[in-house]
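Reading the structure
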Amino acid sequence: MRVENPRYTERFGSVRINDVQSVLELDSGRAKEVPPEENIAALKVEEDVIKDYEEKMAIVIPTKDEKLKLFEGVISGVPHECLLIVVSNSQRKRVNRFQMEEDTLNQFCHFTRRQALIIHQKDPILAQALGEAGYDDLLDENGQVRNGKAEGMIAGMLMAMVAKKDYVGFIDADNYFPGAVWEYVKCYAAGLSMSESPYAMVRILWRYKPKLSLGMYFKKRGRVSEITNKCMNSLISVKTGFETEIIKTGNAGEHAMCLRLAKMLPYASGYAVEPQELVSIFEEFGGVLPMAHGKAAKHGVDVFQIETRNPHLHEEKGTQHLQEMLLPGLGTIYHSPLCEEETKQVILDELLQQYVIVPDEEPPKPRIYPPLKRVNLQKFSEIMEGYMGSYSAPGEK
Ligand code: GDD
Ligand code: MG
């Protein structure tokens, strides 16, 4: 793969936010000695390097009642070396959709000689393991894991830690193009390989997000993303005193991290998770608030934003769904201790304009889960190991 080198990097304390880097070639040919000057504008990331990262990476797929054909396509697009981890919140009553997902994954792993883990978010064993490992924050009043995409992602990250992976990437289960899924993971690996720090995050930006309205229209950005990016940039601009548009991936559902970084961040529930990740990075490493992680701050945190070649086509879930995503997302920025009055006003104006709040209403405070380093991983593994629906080809386990 050949990807543009970061042409511009903005710093917020010890966070290095790299401007968008485009994929130039999906396949950059055989490995060979490349003279350094050839790697100045664009970096050739060799296939073997990508595979080294994939081998150490778990891909977490959160899913809730998605079409089985889409799920099947998504898993087929995840490169072979990655460990697949599916966390499902699909229905089990009447039609047992979870069972169908399990069967599909099982068959896929059997024929492709792959390894995968799958668990239902509401499985009582998961709740027990979290409780006993000191992380009952994720549980509701009935002692079950709460609903939400973030909650599924958190369970997935813990499973990746149990599996002793170094990196975790996330892919939604409702993607229509397996080729796009494949490219996301290649970009995760390429981005992580560019990092100067062991604390890195790669966020995907789509070149196009096609909409079907009187023919296909290749739209560049969604409304929710535009607004989230604007508000996130306002937060940085007001704090630094220099206007910026550096953040282009405030909502990026498709993203990857070093687990070292993932362990340190507080997470917001549901769909607020992705904007909160950036807010958490700014809070913990931005140098404005007291730095909690001296050693990590010394290395700094690298944030990469990589623009893919494949368009992103996923399930359309309607306007109300978009509003349900915008409000908690902006809530993470609004309620950050870094957020000044000026940015709060930008957020309120946007929410009013989108009819998401009424005058004098504020976005609700997000539910924040503490960093995963608090989990007693030993205890969590003892309860979970040997229990998670696990598939692997004979002789590969
Ligand atoms: N495990 C689990 N539990 N998965 C869930 C849940 C849940 O409660 N709710 C949703 N999911 C899964 C969906 O099945 C899908 O695979 C993925 O999470 C994303 O949910 P969507 O409902 O498809 O979200 P979206 O497409 O509107 O938004 C996506 O893109 C945004 C912009 O990049 C999400 O990834 C957002 O988080 C992201 O901000
Ligand atoms: Mg979707």
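Structure: above.
Residues numbered from 1 in each chain as written. Chains lettered and ligands numbered in written order. Predicted model: local features only at pLDDT ≥ 70, side-chain atom pairs only at ≥ 80, totals over all residues. Heavy atoms only, no water.

Here's the deal with the pairing of strand S15 (residues 301-307)
Applied cut-off: Any residue under 20% of the maximum accessible area for its type is buried, any over 50% is exposed, and the rest in between are partly exposed; the area is computed with a 1.4 Å probe on protein chains only. Under the DSSP-based scheme used, a helix requires at least four consecutive residues in state H or I and a strand at least two consecutive residues in state E, with every element numbered from the N terminus. Two strands pair if DSSP finds at least two bridges between them.
Counted residue by residue, S15 has seven buried out of seven residues, so it is predominantly covered. Neither face of S15 is left uncovered, since the one carrying Val301, Val303, Gln305 and Glu307 and the one carrying Asp302, Phe304 and Ile306 both have all their residues buried. Direction of pairing for strand S4 (residues 21-25) relative to S15: parallel, over a ladder of two bridges. Bridge pairing in S15 links Gln21 to Ile306. Here strand S10 (residues 200-205) runs beside S15; their pairing, made up of six bridges, is parallel. Bridged to Leu205 within S15 is Glu307.

Some thoughts on the coordination of the magnesium ion (ligand 2)
Let me state the cut-off plainly: Here a donor is any nitrogen, oxygen or sulfur atom (N, O, S) within 2.8 Å of the metal, with 3.2 Å used for Na, K and Ca; water is not among the atoms considered, so some sites may look incomplete.
Every protein donor of the magnesium ion (ligand 2) is listed here as Asp174 (OD) and His314 (ND1), and their distances to the metal cover 2.1 to 2.3 Å. A residue pair is termed long-range when its members are at least 10 positions apart, and Asp174 in the loop between strand S9 (167-170) and helix H6 (178-194) and His314 in the loop between S15 and helix H11 (319-334) qualify at 140 residues. With a relative accessible area of 4%, Asp174 lands in the buried category.

Considerations on the packing of helix H7 (residues 223-240) against H11
Basically, it comes down to this: Here the axes come from fitting lines to C-alpha atoms, over the contacting stretch only for helices, and the angles between their N-to-C directions go from 0 to 180 degrees. Relative orientations are named as follows: roughly parallel for angles under 35 degrees, roughly antiparallel for angles over 145 degrees, roughly perpendicular for angles from 65 to 115 degrees, and oblique for any other angle. Working rule for contacts: check all heavy atoms of both residues, and any pair within 4.5 Å makes them a contact. Put simply, Ala, Val, Leu, Ile, Met, Phe, Trp, Tyr, Cys and Pro go in the nonpolar bin, Asp, Glu, Lys and Arg in the charged bin, and everything else, Gly too, in the polar bin.
The N-to-C vectors of H7 and H11 enclose an angle of 5°; their axes lie 10 Å apart at closest approach. The angle between the axes of H7 and H11 places the two elements in the roughly parallel class. Side by side, H7 and H11 meet where Val224, Ile227, Thr228, Cys231, Met232 and Leu235 of the first sit next to Leu322, Met325, Leu326, Leu330 and Ile333 of the second. Residues belonging to the contact of H7 with H11 are distributed by class as follows: ten nonpolar, one polar and no charged.

Re unusual backbone geometry
One non-glycine residue, Asp65, adopts positive backbone phi at about 55°. Tracing the backbone shows Asp65 in the loop between strand S6 (57-63) and helix H2 (68-77). Phi is positive for Tyr355, close to 60°, though the residue is something other than glycine. Structurally, Tyr355 can be placed in the loop between helix H12 (341-353) and strand S16 (368-369).

Quick look at the site of ligand 1
Applied cut-off: Nearness here has a simple test: a residue counts as near a molecule or strand if at least one of its heavy atoms is within 4 Å of that partner. The term polar contact refers here to a pair of N or O atoms within 3.5 Å; inside protein, the definition further demands a hydrogen-donor-capable atom paired with an acceptor-capable atom, and it admits residues adjacent in sequence only when both atoms are side-chain atoms. For the area figures, the Shrake-Rupley method with a 1.4 Å probe applies, and any residue is considered shielded solely by the protein chains shown.
Close contacts around ligand 1 come from 24 residues, with Glu66, Asn251, Tyr271, Lys317 and His321 the closest. Backbone polar atom of Val87 to a nitrogen atom of ligand 1: 3.0 Å apart, as the coordinates give it. In the complex, the protein chains occlude 95% of the 740 Å² of accessible area that ligand 1 would expose alone. Residue assignment for the shell around ligand 1 shows that the elements contributing at least two residues are S6, helix H5 (149-162) and H11. Across the shell around ligand 1, the residue classes tally to seven nonpolar, ten polar and seven charged.

Focus on helix H13 (residues 377-384)
Here is the rule we go by: The arc in question is the one traced by the directions running from the helix axis out to the C-beta atoms.
When H13 is considered as a whole, its buried residues turn out to be Phe380, Ser381, Ile383 and Met384. The buried residues of H13 occupy an angular sector of 165° when the element is viewed end-on, so they sit on one face. Buried-residue contacts for H13 involve strand S8 (116-120), helix H4 (124-132) and H5. Between a side-chain oxygen at the N-terminus of H13 and the backbone nitrogen of Gln378 the separation is 3.2 Å; the capping residue is Asn376. Where H13 terminates, the next one or two residues include Gly386, which has phi positive at roughly 80°.

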